[in-house]
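# What the coordinates show
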Amino acid sequence: MTPVDDDAPPASAAESLELIRQERANAARVVALNPLLYYVPWGLAWLIGFGLLFLRYGPDGRVYVNLPQWLPLTSLFVLMALAMVATMYVSAVRGRALEGRSSWQGTAYGLAWFFAFAGLGSTVSHFAKLLPEPERGLLWATSSVALVGAMYMCGAAIWLSRDMFVFGAWLTVINIAGVAAGAGWHSLITSLGGGGGLILLGLILQFRERMQKA
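The structure reproduced in this document is the subject of the present report. Each chain has its residues counted from 1, running along the sequence as written. Only residues with pLDDT of at least 70 get local features here, since the model is predicted, and only at 80 or more are side-chain atom pairs given and counted; chain-wide, interface and lining totals rely on the full set of residues. Side-chain descriptors were evaluated using all non-hydrogen atoms of the structure, hydrogens and water having been removed beforehand.

A fitted line through C-alpha atoms serves as each axis, taken over the contacting stretch for helices, and the angle formed by two N-to-C directions is quoted from 0 to 180°. Helix numbers and strand numbers start at the N terminus; a helix is a DSSP run of H or I with at least 4 residues, a strand a run of E with at least 2. Taken N-terminus to C-terminus, the directions of helix α5 (residues 133-159) and helix α6 (residues 162-181) make an angle of 160°; their axes are 7 Å apart at the nearest point. Taken as axis vectors, α5 and α6 run roughly antiparallel relative to one another. Between α5 and α6 the crossing geometry is left-handed. Of the residues in α6, those in contact with A141, T142, V145, A146, V148, G149, Y152, M153, G155, A156 and W159 of α5 are M164, F165, F167, G168, A169, L171, T172, N175 and V179. Partitioning the contact of α5 with α6 into residue classes produces 14 nonpolar, six polar and no charged. Here is the rule for angles: anything less than 35 degrees is roughly parallel, anything more than 145 is roughly antiparallel, 65 through 115 is roughly perpendicular, and the remaining ranges are oblique. Crossing handedness follows the turn of the near helix against the far one: under a right angle anticlockwise gives a left-handed crossing, and clockwise gives a right-handed one. When checking whether two residues touch, look at their non-hydrogen atoms; a contact exists if any pair is within 4.5 Å. In this count, Pro and Cys sit with the nonpolar residues alongside Ala, Val, Leu, Ile, Met, Phe, Trp and Tyr, while Asp, Glu, Lys and Arg are called charged and the others, Gly among them, polar.

Here the focus is α6. With 20 residues, α6 extends 28 Å between its outermost C-alpha atoms, agreeing within 8% with the 28 Å of an ideal straight helix rising 1.5 Å per residue. When a residue's accessible area, from a 1.4 Å probe over protein chains only, is under 20% of the maximum for its type it is buried; when over 50% it is exposed; and in between it is partly exposed. For α6, the complete set of buried residues consists of M164, F167, G168, L171, I174, N175 and G178. The buried residues of α6 all sit within an arc of 135° when viewed along its axis, so they share a single face. In α6, the exposed positions that point more than 90 degrees away from the buried face belong to R162, V166, V173, I176 and A180. G182 lies just past α6 and shows a positive phi near 105°. Given a helix with a known number of residues, its expected span is that number minus one, times 1.5 Å. By arc we mean the arc of the directions from the helix axis to the C-beta atoms, nothing more.

With that out of the way, let us pick up the pattern of salt bridges. Put simply, a salt bridge is a Lys or Arg side-chain nitrogen that is within 4 Å of an Asp or Glu carboxyl oxygen. Summed over the entire model, instances satisfying the criterion amount to two salt bridges. Linking E133 and R136 is a salt bridge whose minimum nitrogen-to-oxygen distance equals 3.3 Å. Pair noted here: E133 and R136 are both in helix α5, with a separation of three residues, about one helical turn. Taking the relative accessible area as the measure of exposure, E133 reaches 55% and is therefore exposed. Salt-bridge contacts for D163 lead to R208; the nearest nitrogen and oxygen are separated by 2.7 Å. Of this pair, D163 sits in helix α6 while R208 is found in helix α7 (residues 185-213), placing the two residues 45 residues apart along the sequence.

Moving on to the side chain of H186. Mapped onto the fold, H186 is located in helix α7. Take H186: its relative accessible area is 2%, and that puts it in the buried class. One polar contact links H186 to N175, side chain to side chain, over a distance of 2.7 Å. We define a polar contact as two N or O atoms separated by no more than 3.5 Å, with the added condition that, inside protein, one atom must be a possible hydrogen donor and the other a possible acceptor, whereas residues neighbouring each other in sequence contribute only through side-chain atom pairs.

Keep in mind these values describe shape, not function.
Below, the structure is given as structure tokens:
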């Protein structure tokens with residue numbers, strides 16, 4: 001039997017093209033972002049967290065479910081913290097396979113989220129104390145959702161993703177609708193439209209990836 005030399009160059013142009021195709025496919029699998037692991041944890045955090053806020057602090061102060069006052073916000077923050085851990089894990093796995101410009105884009109975009117919310121928090125906390133309690137909560141929620149929508153649209157420009165831009169625009173639209181509807185209703189709109197939208201986006205992207213691999 002003639003031994004096979006794995007280090008030998010391709011015998012033809014066709015083999016070279018096939019080798020390039022295989023290497024690109026392997027690289028794509030390594031750096032691919034699992035859309036379910038990224039979007040679903042955030043979707044569940046918003047769906048459950050803002051849903052509990054609506055049930056406990058409904059429109060005009062109505063209580064649909066007499067939950068402990070601390071439970072809705074605590075649930076939202078805990079679920080968001082878990083979603084952040086999932087995001088950091090996915091980003092770290094993906095980042096190990098990237099270098100150069102792509103790695104810098106991811107790092108800069110991640111830092112932009114941190115600094116943007118740090119600036120938002122310091123500004124809103126200064127003015128929120130001048131408002132009554134329901135309007136204070138509405139200010140925090142609408143400002144945060146507005147920033148998330150803007151960051152998604154900025155991310156779309158970086159990663160050239162129409163899906164990210166559409167979702168960022170969708171968040172902006174439902175946030176405006178929530179502001180117009182008022183405290184209580186904004187929580188419901190964000191829970192269903194924002195949280196449900198994130199889960200739907202993850203499912204759509206996952207289905208699209210599977211169809212491309214089939």
